[in-house]
Amino acid sequence: MKSPELWFTEYQTRGLALSFRVKRTLEHFKSKFQDILVLETEEFGRMLVLDGCVMTTERDEFIYHEMLVHPSMMLHPSPRHVLIIGGGDGGALREVLRYKEVEKSIMVELDEEVVRISKQYLPSIASAFDDPRADVLFYDGAKFVRECNDGSFDIVIVDSTDPVGSAEVLFSKEFYSEIKRILRPNGIVVTQSESPFLHFEFLKKFHSMLKSIFLKVKLYTASVPTYPSGFWSFTIATDSPLSKTPFRKEPDGLKFFNSKMLNHIFILPNFLKDFE
Ligand code: AG3
């Protein structure tokens, strides 16, 4: 007899869900911090799910990770020290370390199990952990930032889960005030900032909070098929004038981002004009 079909569903809002046909479950357990699930899906390859939310898939991770990392890396005159908060699957770290200018990248991830499971099941994403320039700490990101010296980093990248539970503090005014303090002159912070379509009100509040701290706050978007609504956003904040042209060419081997895109990513659709 044919075995029954298996599907995983993420409930994105009270009235919207996205389902993936599952070939098999590779891992499912509870860590100290969250429910961790790794699936082999029919359409998107292997997929990491935390607390029921899709974090990344082998097939579309390049869009999210390249868009999260490369715009600010290319708009900074000299990105030598880069801090990543979260990002346990290693995708953001992989993108950061493509730049030879980077001397050190510290990644601070709360949950050691996410890194372990990503190394085991998502080797194409977790491919940079052995780079000698990478330093991985299993620690509370907000605490780490609070304990950091002034002017420690050129770029801070926040690769968090949704703003609920343990990640809520990563969207707070206190956290971003500390980030401002630990950035060097010309420093840039960039974060994933949820779906502009589904989380518009959140985004408005988040941006007005950031504007109370930083001189420049810019939104840009990308289609990430497996995230809620398929339409995702990123936010850059800085106190220095953002250059209009990239300081460097994009590294070789990117599948999504290129330097020509820098000219238009900050041009937004009309319903997001207030974020320009
Ligand atoms: N970080 C953002 C994922 C948010 C997706 N939300 C959801 N599925 N409800 C992803 C981490 C990838 N390195």
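Residues numbered from 1 in each chain as written. Predicted model: local features only at pLDDT ≥ 70, side-chain atom pairs only at ≥ 80, totals over all residues. Heavy atoms only, no water.

Here we come to the overall build of the protein chain. Secondary structure summary: the protein chain contains six helices and 12 strands in total. Relative to a compact globule of 276 residues, whose C-alpha radius of gyration would be 19 Å, the protein chain shows 18 Å and is just as compact. Over its C-alpha atoms, taken along the principal directions, the protein chain stretches across nearly 65 × 45 × 35 Å. Sequence-distant contacts in the protein chain: of pairs separated by 6 or more residues, those separated by 24 or more amount to 67%. Taking the 34 positively charged and 39 negatively charged side chains of the protein chain as two groups, their mean positions are separated by 4 Å. (Helix = DSSP H or I, 4+ residues; strand = E, 2+ residues; numbered from the N terminus. Rg over C-alpha atoms; globule rule 2.2 N^0.38 Å. Contact = heavy atoms within 4.5 Å. Lys, Arg positive; Asp, Glu negative; His and termini not counted. Charge placed at Lys NZ, Arg CZ, Asp CG, Glu CD.)

Across the sheet, which stays open at both edges, the five strands sit in the order β1-β2-β3-β4-β5 with antiparallel pairing between neighbours. Strands with a single pairing partner mark the edges of an open sheet, and in this sheet they are β1 (7–13) and β5 (53–57). If you compare each strand with its neighbour and ignore which way they point, the axes differ by 45° on average. Where strand β2 (residues 16–30) meets strand β3 (residues 35–41), seven bridges bridge the pair, whose relative direction is antiparallel. Looking at β3, one finds that Thr25 is bridged to Leu39. Those strands touched by helix α3 (residues 112–121) are β2, β3 and β4 (45–50), and its axis lies near 95° from that of β2. (Pairing = 2+ DSSP bridges. Axes fitted to C-alpha atoms, helices over the stretch in contact; angles between N-to-C directions.)

Applying the stated criterion to the full structure yields 15 aromatic pairs. With centroids separated by 5.5 Å and ring planes inclined at 15°, the aromatic side chains of Phe202 and Phe206 adopt a geometry described as stacked. Here Phe202 pairs with Phe206, and both are found in helix α6 (residues 200–211), just four residues apart, close to one helical turn. Here Phe202 falls in the partly exposed class, since its relative accessible area comes to 23%. Put simply, the rings of Tyr64, Tyr220, Tyr227, Trp232, Phe234 and Phe266 pair up and form one aromatic cluster. Between the NZ or CZ atom of Arg59 and the centre of the ring of Phe44, over which it lies, the distance is 5.5 Å. (Phe/Tyr/Trp six-rings, centres within 6.5 Å; stacked < 30°, edge-to-face > 60°. Buried < 20%, exposed > 50% of the residue type's maximum accessible area, 1.4 Å probe, protein only. Lys NZ or Arg CZ within 6 Å of the ring centre and 35° of its normal.)

This paragraph deals with the site of the ligand. Near the ligand, the surroundings consist of 14 residues, among which Glu10, His65, Asp89, Asp159 and Asp162 are the closest. One nitrogen or oxygen atom from the side chain of Tyr64 is found 3.2 Å from a nitrogen atom belonging to the ligand. For the ligand, a nitrogen atom lies 2.8 Å from a polar atom in the side chain of His65. For the ligand, whose unbound accessible area comes to 400 Å², protein coverage reaches 98%. Looking at the shell around the ligand, the elements with two or more residues in it are β5 and α1 (61–75). If you tally residues by element for the shell around the ligand, the top one is β5, at three residues. Considered class by class, the residues forming the shell around the ligand number seven nonpolar, three polar and four charged. No fewer than three residues from each of domain 1 (6–57) and domain 2 (61–275) sit in the shell around the ligand. (Near = heavy atom within 4 Å. Polar contact = N/O pair within 3.5 Å; in protein donor to acceptor, adjacent residues only side chain to side chain. Areas by Shrake-Rupley, 256 points an atom, 1.4 Å probe, with all protein chains shown as cover. Nonpolar A, V, L, I, M, F, W, Y, C, P; charged D, E, K, R; others polar. Domains from an automatic or database assignment.)

In this section: the domain arrangement of the protein chain. Splitting the protein chain by domain gives domain 1 (6–57) and domain 2 (61–275). Placing a centre on the C-alpha atoms of domain 1 and another on those of domain 2 gives a separation of 23 Å. Counting residues at the interface gives 23 residues for domain 1, matched by 22 residues for domain 2. At the boundary of domain 1 with domain 2, total buried surface from both sides reaches about 1900 Å², with 67% on carbon and sulfur atoms. Interface area lost by domain 1 to domain 2 is led by Phe33, Met55 and Thr56, which between them contribute 24%. Along the contact surface separating domain 1 from domain 2 lie zero salt bridges. Linking domain 1 with domain 2 are eight residue pairs in polar contact (both at pLDDT 80 or more). Residue assignment for the side of domain 1 that touches domain 2 shows that the elements contributing at least two residues are β1, β2, β3, β4 and β5. The leading source of residues in the side of domain 1 that touches domain 2 is β2, at six residues. When its residues are assigned to classes, the side of domain 1 that touches domain 2 shows 14 nonpolar, six polar and three charged. (Buried area = accessible area lost by both parts, 1.4 Å probe. Salt bridge = Lys/Arg side-chain N within 4 Å of Asp/Glu carboxyl O.)

For the rest of this paragraph, the subject is the sheet that holds strand β9 (residues 153–159). Judged by pairing direction, the sheet is mixed, and its seven strands sit side by side in the order β8-β7-β6-β9-β10-β12-β11 without closing on themselves. Two strands close off the open sheet at either side, each with one partner strand: β8 (134–138) and β11 (216–223). Across the sheet, the mean angle separating the axes of adjacent strands is 15° when strand polarity is ignored. Sheet strands in contact with helix α5 (residues 173–182) are β6 (81–86), β9 and β10 (183–192), and its direction is about 145° off that of β10.

Residue pairs three or four apart in sequence face the same way in an α-helix, which turns once every 3.6 residues. All of the buried residues along α5 are Phe175, Tyr176, Ile179 and Ile182. Each buried residue of α5 sits inside an arc of 120° when the element is viewed along its axis, so together they form one side. Where the residues of α5 are buried, they touch β6, α4 (141–147), β9, β10 and α6. (Arc of directions from axis to C-beta.)

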